[in-house]
Amino acid sequence: MMSTIIMKRVSQKEAENGLVFIHPLKLKDFPKAGEEFAIKFSKGEEKTRIQEVRCNCTDAPKEHAHHYLTIKGFKMNKGDVVQIKKTEGKYLIE
Ligand SMILES: [Zn+2]
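Keep in mind the model is a prediction, meaning the values are calculated, not measured. (Residues numbered from 1 in each chain as written. Predicted model: local features only at pLDDT ≥ 70, side-chain atom pairs only at ≥ 80, totals over all residues. Heavy atoms only, no water.)

Peer 1: Just checking my understanding: could you explain the sheet that holds strand β5 (residues 51-55) for this structure?
Peer 2: Sheet strands pair via backbone hydrogen bonds, and the direction of the pair is either parallel or antiparallel. With antiparallel pairing, three strands are arranged side by side in an open sheet as β2-β6-β5. Of all strands in the sheet, those with a lone pairing partner are β2 (19-22) and β5, marking the two edges. Each strand axis lies, on average, 35° off the axis of its neighbour in the sheet, ignoring direction. Pairing geometry for β2 and strand β6 (residues 64-70), over four bridges, is antiparallel. Paired with L19 across the two strands is T70, which belongs to β6. (Pairing = 2+ DSSP bridges. Helix = DSSP H or I, 4+ residues; strand = E, 2+ residues; numbered from the N terminus. Axes fitted to C-alpha atoms, helices over the stretch in contact; angles between N-to-C directions.)

Peer 1: Before we go on, may I ask you to explain the sheet that holds strand β3 (residues 37-41) in this structure?
Peer 2: Pairing in this open sheet of five strands is mixed, and the strands run β1-β7-β8-β3-β4 from one edge to the other. The strands lining the two open edges of the sheet, one partner per strand, are β1 (3-9) and β4 (44-48). With direction set aside, neighbouring strand axes in the sheet form an average angle of 25°. As paired strands, strand β7 (residues 81-87) and strand β8 (residues 90-93) are joined by four bridges and run antiparallel to one another. Pairing of T87 across the sheet is with K90, part of β8.

Written out as structure tokens, the structure is:
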């Protein structure tokens, strides 16, 4: 069965840098940070991984991490709705 893991609007920062931030609560739906996996999109498929960056911004009180994916072949514009779906261990972004 196909399940939607992420559904959100692309922010300015995501559009500019070609990345999709992954909320901490959604990490359990993905392979561990740094572990390569394939993700499909309309024009193909590529390997990606969850990347983790340590951070001291004001989004959280203590030092914490942000997590994101980059998918080079998948173009996004600010305000687009992006969805990441999972089916039988395979990932799809649209
Ligand atoms: Zn931060």
